[in-house]
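# Remarks on the overall topology
So the chains spell out like this:
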Amino acid sequence: GKAEGKIRILSSRNGRKWHSVGLLSETGMDFRDPQLSITPQGQLMVSVGVSIYRDKKLITHIPHVSFSSDGILFSVPQACNLEEQETHQSDWIWRTTWTGDTGYSVNYFRFKDGKNGLWLMSTRDGRHYVKVHEFEITDIPTEATIRFLADGTMAVMIRRDGKNTNGLWGLSTPPYTDWHFKELPFRLGGPDFVLLDSLTAIAGSRHYQSGHWCSTSIFKGNPLTGQFQQIIVMPSGGDTSYPGMLVDGKYLWMSYYSAHESQRPSIYLAQIPLKILQDF
């Protein structure tokens with residue numbers, strides 16, 4: 001009845017020994033689903049979804065953001081300002097991806113009349129967002145990750161939670177108002193992906209089997225065609241998902257959470273040689 005989730009920010013020099021460098025929270029607010037990015041000014045930006053409950057009833061979602069110039073001290077989280085926000089009951093910016101001096105996000109939201117919406121939005125400072133394009137996608141689209149191909153093409157992977165739960169893969173060229181989508185043959189949960197080159201995308205997501213949570217898995221696909229296949233099932237099970245992915249040198253680093261070893265989920269970090277992924 002009084003959800004007050006907190007965001008713990010961890011730091012490591014080697015990926016094995018970790019320590020806390022920040023705790024983001026506010027009384028009466030439920031902080032969750034943090035996403036990290038680097039702004040054009042070189043700041044570490046933490047995008048957070050914040051929910052407000054009253055008497056066990058969800059009142060609204062308000063995206064918040066915090067910044068750090070050194071990865072040690074983080075600013076007090078501030079509410080984001082979104083175009084036409086006054087007409088919305090709730091907003092959720094899943095992840096911000098920067099290209100040049102502009103960041104792009106997908107906001108999934110609910111109007112005050114109860115209808116759902118999905119907008120591509122842009123920002124110059126991580127706090128103020130303007131609408132770029134309104135997606136016309138059925139079946140309750142939600143979490144979405146954006147990346148950019150070398151030629152500036154925007155690629156997006158979108159989760160859906162309606163009658164048709166298969167995820168979507170979309171491509172668009174600047175100014176990102178004309179989109180081409182392909183339906184994926186599987187459901188997504190907490191999707192993330194990286195582009196190894198113009199013909200290789202590596203994605204991570206919760207994998208469902210017979211409608212139930214099954215594992216956190218890695219998928220490989222062609223970003224130009226949107227054809228993906230499952231290639232690796234990570235050690236995982238039960239409540240598991242929300243991978244974070246980063247390519248560093250010859251390795252893909254992937255964090256995720258899973259409850260396969262106990263009822264209480266733990267955080268896991270995998271280091272996967274790129275050669276293994278490329279050889280599939």
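The present account deals with the structure reproduced in this document. For every chain, the first residue of the written sequence is number 1, and numbering continues from 1 along that sequence. Side-chain atom pairs in this predicted model are given and counted only at pLDDT of 80 or more, local residue features only at pLDDT of at least 70, and totals for whole chains, interfaces and linings cover all residues. As a rule here, side-chain values cover all heavy atoms of the structure and leave hydrogens and water aside.

### A few points about the overall build of the chain
- Per the convention used, a helix needs a DSSP run of H or I reaching at least four residues, while a strand needs a run of E reaching at least two, with both numbered from the N terminus. Helix and strand counts for the chain stand at 1 helix and 22 strands.
- A compact globule built from 280 residues should have a C-alpha radius of gyration of about 19 Å, and the chain, at 18 Å, falls within 12% of that.
- Taking the principal axes of its C-alpha atoms as reference, the chain extends roughly 50 × 45 × 40 Å.
- Relative to its 280 residues, the chain shows a buried fraction of 49%.
- Contacts are assigned to residue pairs that have any heavy atoms within 4.5 Å of one another. Relative to all contacts within the chain whose residues are 6 or more apart in sequence, the contacts with residues 24 or more apart total 40%.
- Each accessible area is a Shrake-Rupley result for a 1.4 Å probe, and residues are judged covered by the shown protein chains and nothing else. Per element, the accessible surface of the chain, about 14200 Å² overall, is 50% carbon and sulfur.
- Computed over 28 positive and 27 negative side-chain charges, the separation of the two mean positions in the chain equals 7 Å. Only C-alpha atoms enter the radius of gyration; for comparison, a globular chain is expected to reach 2.2 Å times N to the power 0.38, where N is the number of residues. Exposure classes here rest on a 1.4 Å probe applied to the protein chains alone. A residue is buried below 20% of its type maximum, exposed above 50%, and partly exposed in between. Just so you know, the count uses Lys and Arg for positive and Asp and Glu for negative, and it drops His and the chain ends. Charge coordinates come from a single atom per side chain, which is NZ of Lys, CZ of Arg, CG of Asp or CD of Glu.

### A few points about the sheet that holds strand β10 (residues 116-123)
- Any two strands with at least two DSSP bridges between them are considered paired. The strand order β7-β11-β10-β9-β8 describes an open sheet built from 5 strands, whose pairing is mixed. On the outer flanks of this sheet lie β7 (81-82) and β8 (88-99), each paired with one strand and no other.

### Focus on the packing of aromatic side chains
- Two rings from Phe, Tyr or Trp (for Trp, the six-membered ring) form a pair when their centres sit within 6.5 Å of each other. Planes less than 30 degrees apart are called stacked, planes more than 60 degrees apart edge-to-face, and all others tilted. In the structure shown here, the tally under the stated rule is 16 aromatic pairs.
- When the ring of Trp 92 is compared with that of Tyr 108, the centres are 6.4 Å apart and the planes differ by 20°; the resulting orientation is stacked. Placement of the pair is Trp 92 in strand β8 and Tyr 108 in strand β9 (residues 102-111), with a sequence separation of 16 residues.
- A residue is classified by how much of its surface remains accessible, and Trp 92, at 5% relative accessible area, is buried.
- Put simply, the rings of Trp 94, Tyr 242 and Tyr 257 pair up and form one aromatic cluster.
- Comment: the charge-over-ring label is applied if NZ (Lys) or CZ (Arg) is within 6 Å of the ring centre and within 35 degrees of the ring normal. The ring of Trp 119 carries Lys 131 above its face, with NZ or CZ at 4.2 Å from the centroid.
- The side chain of Arg 187 reaches across the aromatic face of Tyr 208, ending 4.3 Å from its centre.

### Concerning the sheet that holds strand β20 (residues 241-248)
- One open sheet accounts for 3 strands, arranged β20-β21-β22; its pairing is antiparallel. Only two strands of the sheet have a single neighbouring strand rather than two, namely β20 and β22 (266-273). Strand-to-strand twist across the sheet, computed as the mean angle between neighbouring axes with direction ignored, equals 20°.
- As defined by bridge partners, strand β21 (residues 251-258) adjoins β22 across 8 bridges and the pair is classed as antiparallel. Each bridged residue has a counterpart across the sheet, and for Ser 258 the counterpart in β22 is Ser 266. Axis geometry follows a simple rule: fit a line to the C-alpha atoms, using only the stretch in contact for helices, then measure angles between N-to-C directions, giving values from 0 to 180 degrees.

### Observations regarding empty space enclosed by the protein
- Put simply, the grid is 1 Å and covers the protein atoms alone, a cavity is a trapped set of points that fit a 1.4 Å probe, a pocket is an open set with protein on both sides within 12 Å along at least five of seven lines, and lining residues have an atom within 4 Å of a point. Grid points are joined across faces, edges and corners, and a volume is the space filled by probe spheres set on the points. For the coordinates displayed, the defined rule picks out 1 cavity of 30 Å³ or more.
- The volume enclosed by the largest cavity comes to roughly 30 Å³.

### Some thoughts on the pattern of salt bridges
- Just to be clear on terms, a salt bridge is a Lys or Arg side-chain nitrogen sitting within 4 Å of an Asp or Glu carboxyl oxygen. Counted by the stated rule, this structure contains 11 salt bridges.
- The partner of Asp 161 in a salt bridge is Arg 159, with the nearest N and O atoms 2.9 Å apart.
- The partly exposed category is assigned to Asp 161, whose relative accessible area is 28%.
- Note on Arg 159: relative accessible area 10%, which makes it buried.
- With its nearest N and O atoms 2.8 Å apart, the salt bridge here joins Asp 279 to Lys 275. Pair noted here: Asp 279 and Lys 275 are both in helix α1 (residues 274-279), with a separation of 4 residues, about one helical turn.

### Things to note about a nonpolar patch on the surface
- Residues form patches when they are more than 30% accessible in relative terms and have no salt bridge. Like charges link within 9 Å. Nonpolar side chains (Val, Leu, Ile, Met, Phe, Trp, Tyr) link within 5 Å. A cluster of nonpolar side chains, Leu 10, Trp 18, Ile 267 and Leu 269, forms an exposed patch at the surface whose accessible area comes to about 410 Å².
- The topology assignment puts Leu 269 in strand β22.

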